[in-house]
Structures are given as structure tokens and as C-alpha cells.
Amino acid sequence: MLELRPNCECCDKDLPPDSPDARICSFECTFCVECVETTLNHRCPNCEGELVRRPVRPAAALARHPASTTRHLSASATR
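A few points on the structure. Quantities reported herein were computed from a predicted structural model and do not represent experimental measurements.

**Quick notes on the nonpolar core**
By size, the foremost hydrophobic cluster in this structure holds 13 residues, and its most contacted members are C8, F31, C35, C44 and L51. When residues of this core are traced back to their parent elements, those giving at least two are β2 (30-32) and α1 (33-38).

Written as C-alpha cells, this is what we have:
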């Protein structure tokens, strides 16, 4: 199950679980669409994997399996 991290690892923007602006790689590194398009060139700075839209967990499932509250920042992605 996806961790649903709460922030962009580049700019620290909040990314709630239902955000359509969240992008992830296969390791669940999480970035906002703005950083992905303007800074990261659609590639994860940690693994160089493709960054794609993070799926939204339905509300009922989110109640049973809440999103992570642990914030992450990537040293290689900071502006």
C-alpha cells in the first residue's frame, strides 16, 4: 500500500492525500507537479525513475489506512 507522503521532497509544499498535484516514483519519493515540471524534468533526483501522478486513495480506505504524516526532504532535489 502506498505511504502517501504529506509533502513535496523538493520545496516542502503540502500534498494532502487527495491532491491531484502529487507525483511519485516507484520508491514513493513524492514531489509536487510544479517541481517535477520546472526543476526535476519528470525524473526522481533520488533514483532517476519516472515521476507519475500519485493515485488518490478513496475516503473510506483512507479512514482505515491513513496517509503518512512523516515529512521527507531530498537533499539532491532542493532548490
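Still to come is the rest of the account.
**Some details on the sheet that holds β2**
The strand order across the open sheet built from 3 strands is β2-β1-β3, with neighbouring strands paired in antiparallel fashion. Only two strands of the sheet have a single partner each, and these edge strands are β2 and β3 (52-53). With 3 bridges connecting them, strand β1 (residues 22-24) and β2 associate as antiparallel partners. Its bridge partner being in β2, I24 is matched across the sheet by T30.

**Section: the side chain of S19**
In this structure, S19 sits in the segment before β1. Taking the relative accessible area as the measure of exposure, S19 reaches 8% and is therefore buried. For S19, the side chain forms a polar contact with the main-chain nitrogen of D21, separated by 3.1 Å.

**Comments concerning the pattern of salt bridges**
One pass over the structure, following the stated rule, counts 5 salt bridges. Close ionic contact of R5 with E9 constitutes a salt bridge, the shortest N to O distance being 2.9 Å. Residue R5 is classed as buried on the basis of its relative accessible area, which comes to 12%. Looking at E9, the relative accessible area reads 4%, which means it is buried. D21 is the partner of K13 in a salt bridge, and the nearest nitrogen-oxygen pair spans 3.9 Å. Residues joined in a network through salt bridges with shared partners are E3, R5 and E9.

Criteria and cut-off values
- Residues numbered from 1 in each chain as written.
- Predicted model: local features only at pLDDT ≥ 70, side-chain atom pairs only at ≥ 80, totals over all residues.
- Heavy atoms only, no water.
- Core = buried A, V, L, I, M, F, W, Y, C linked by side-chain atoms within 4.5 Å.
- Buried < 20%, exposed > 50% of the residue type's maximum accessible area, 1.4 Å probe, protein only.
- Helix = DSSP H or I, 4+ residues; strand = E, 2+ residues; numbered from the N terminus.
- Pairing = 2+ DSSP bridges.
- Polar contact = N/O pair within 3.5 Å; in protein donor to acceptor, adjacent residues only side chain to side chain.
- Salt bridge = Lys/Arg side-chain N within 4 Å of Asp/Glu carboxyl O.

Bear in mind that shape data such as this cannot, by itself, settle questions of function.
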